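# Geometric and topological summary
For reference, the chains in residue letters:
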Amino acid sequence: MFGEMKVFSGGSHPQLAADIAAHIGMPLGKIKITRFSNENIKVKVEENVREADVFVIQTSCSPVSDYLLELLILIDALKFASAARITAVLPYFPYARSDKKDEARISITARLVADLLETAGADRVLAMTLHAPQILGFFRKPADQLFATPILAEYFKRTDLGNSVVVATDAGAAKFAGHFAKRLKTPMAIIDKRRFDDSEQAQSVALIGDVDGKDAIIYDDEIATGGSIKEAANILRKFGARTIRVGVTHPVFSGPAVDRLREAELDELVVTDSIPIPKAKAQALPTLVVLSTAGMLGDAILRIHGGRSISEMMD
Ligand code: R5P
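A few points on the structure. Within each chain, residues carry numbers counting from 1 in the order of the written sequence. With pLDDT at 70 or above as the cut-off, local features in this predicted model cover only qualifying residues; side-chain atom pairs require 80 or more to be listed or tallied, and sums for whole chains, interfaces and linings still use all residues. For the side-chain quantities, the full set of heavy atoms in the structure was used; hydrogens and water were omitted.

### Some points on the site of the ligand
Think of it this way: one heavy atom of a residue within 4 Å of a molecule or strand is enough to make that residue near it. Taken together, 15 residues are adjacent to the ligand, and D220, D221, T225, G226 and S228 come closest. Pairs of N or O atoms are called polar contacts if they sit within 3.5 Å, as long as, within protein, a hydrogen donor faces a hydrogen acceptor (for residues adjacent in sequence, only side-chain-to-side-chain pairs). Here an oxygen atom of the ligand and a side-chain polar atom of R97 are 3.0 Å apart. The contact in question runs from an oxygen atom of the ligand to an N or O atom on the backbone of A224, over 2.9 Å. Here the open area of atoms and residues is found with the Shrake-Rupley method and a 1.4 Å probe, where only the protein chains shown may cover a residue. Considered on its own, the ligand offers 370 Å² of accessible surface; in the complex 92% of this is hidden by protein. Strands are runs of DSSP state E lasting at least two residues, helices are runs of H or I lasting at least four, and both sets are numbered from the N terminus onward. Put simply, the parts of the chain that give the shell around the ligand at least two residues each are β11 (215-223) and α6 (227-238). If one sorts the elements of the shell around the ligand by residue count, β11 sits on top with four residues. Classes in brief: Ala, Val, Leu, Ile, Met, Phe, Trp, Tyr, Cys and Pro nonpolar; Asp, Glu, Lys and Arg charged; the others, Gly included, polar. Taken together, the residues that form the shell around the ligand break down as two nonpolar, six polar and seven charged.

### Thoughts on the environment of K42
Note on placement: K42 falls in strand β3 (residues 41-45). Note: C-alpha distance between K42 and E263 (221 residues apart in sequence) is 43 Å. Excluding its chain neighbours within four sequence positions, the residues that come into contact with K42 are K32, I33, T34 and F36. What makes two residues a contact is simply this: any of their non-hydrogen atoms within 4.5 Å.

### Some words on the pattern of salt bridges
In a structure, side chains of opposite charge can pair up when their charged atoms sit close to one another. Here, a salt bridge means any side-chain nitrogen of Lys or Arg that lies within 4 Å of a carboxyl oxygen of Asp or Glu. The final tally for this structure, using the stated rule, is 15 salt bridges. As a salt-bridge pair, K230 and E263 come within 2.7 Å of each other at their nearest N and O atoms. Taken as a pair, K230 in helix α6 and E263 in helix α7 (residues 257-263) lie far apart in primary sequence, 33 residues in all. On the basis of relative accessibility, which here comes to 45%, the residue E263 falls in the partly exposed class. It is possible to trace a salt-bridge network through shared partners that takes in R111, D115, E118 and R140. Under the scheme applied here, a residue whose accessible area is under 20% of the maximum for its type counts as buried, over 50% as exposed, and between as partly exposed, the area being computed with a 1.4 Å probe on protein chains only.

Laid out in C-alpha cells, this is it:
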C-alpha cells in the first residue's frame, strides 16, 4: 500500500478537478503555477508530498500543447518532491487521434505523449474513452481506461427508447456504439463515413441499417469540428429518421464545430464534462446537455488508491 492520497490539478479544467475533489471528499493539493513573460512555466508544490499516493488531473483542451507541458512539469515537480506514486488522470487524452501509422512518415504523437508522461515520472495513467484502445498499450506502466458509456446510457434511459436506434458515425465507432446499443437495448445502424484528406471535413456516403421513422441516437467518442455529426444528421434525415439526438464523450468543439452543430439541428446534444466548454459556445447550442464525469473519475481514483478493480466499474 502507498501512503496518504493527495489529488492535484493542472490549470486545464478547474471545475472538473473541484468536482472530483468534492466527490472524494478532500481538498485539492496546493500548487502554484507561474507563467513567465518568456512563456516558461514554473510549478511549485506548496505542501508535503513525501511518500504520498498522488493523483494529478489534467485534461486536454486549448491550448493543448501548453497544458500537456504544464502536466509534465507538474509531475516532474511532484516526483522530485518525493511522491511515492504518481497517477496522471487524463479525462481527455492529449493527441489521442494521432494513434497509428496510417500514412508514410507520420508522427504517432499519442505514443510520444505516453513516453513523455513516463519520463516525467508518471507511474500510472487513468484515461477516459480513448480514441483507440491501442493507446493503452503505448505505456510500459499500468494504464486504466474508463468509458463514459454508462453515464451517457443512464441519461438516455430516462426517456422512452422504444422507437430508438443507436447510430455509429463510422465503422471505427461501431464496436463501442454496439456496447452502447446493448446497454440501451436498441438496434443499431452504421454510417459509412470517409475522410478523403486532412481537411477535417468527413463525408458520409451510405447507411447500413434501418432508421426510417425512428429516433436516432448518434454515438461517438468525440466531436472535434462537428463535421461527422453534421454529415451523420444529414444522412439520417435523408433516410427518414424522426428525431436525432447525439451522445458523445468528449466535446472538443474545435474550429467550425458550433456552426456545424447548429446547422445539424439536433434534438439533443449530450456530452460529458471531460473537456471544459467555453460559455459562449455552450450558450450558442440550445439543446446541449453536459453530464458530469466527476463521480466516475473520483470513484476510480479511490479504487486505484485502495488497490481495487477498475474494470468492475464498467460492468
Ligand atoms: C473519428 O474517428 C472520431 O471518432 C470522431 O468521429 C471524430 O473525431 C469527429 O471529428 P469531427 O467532429 O471533426 O468530424
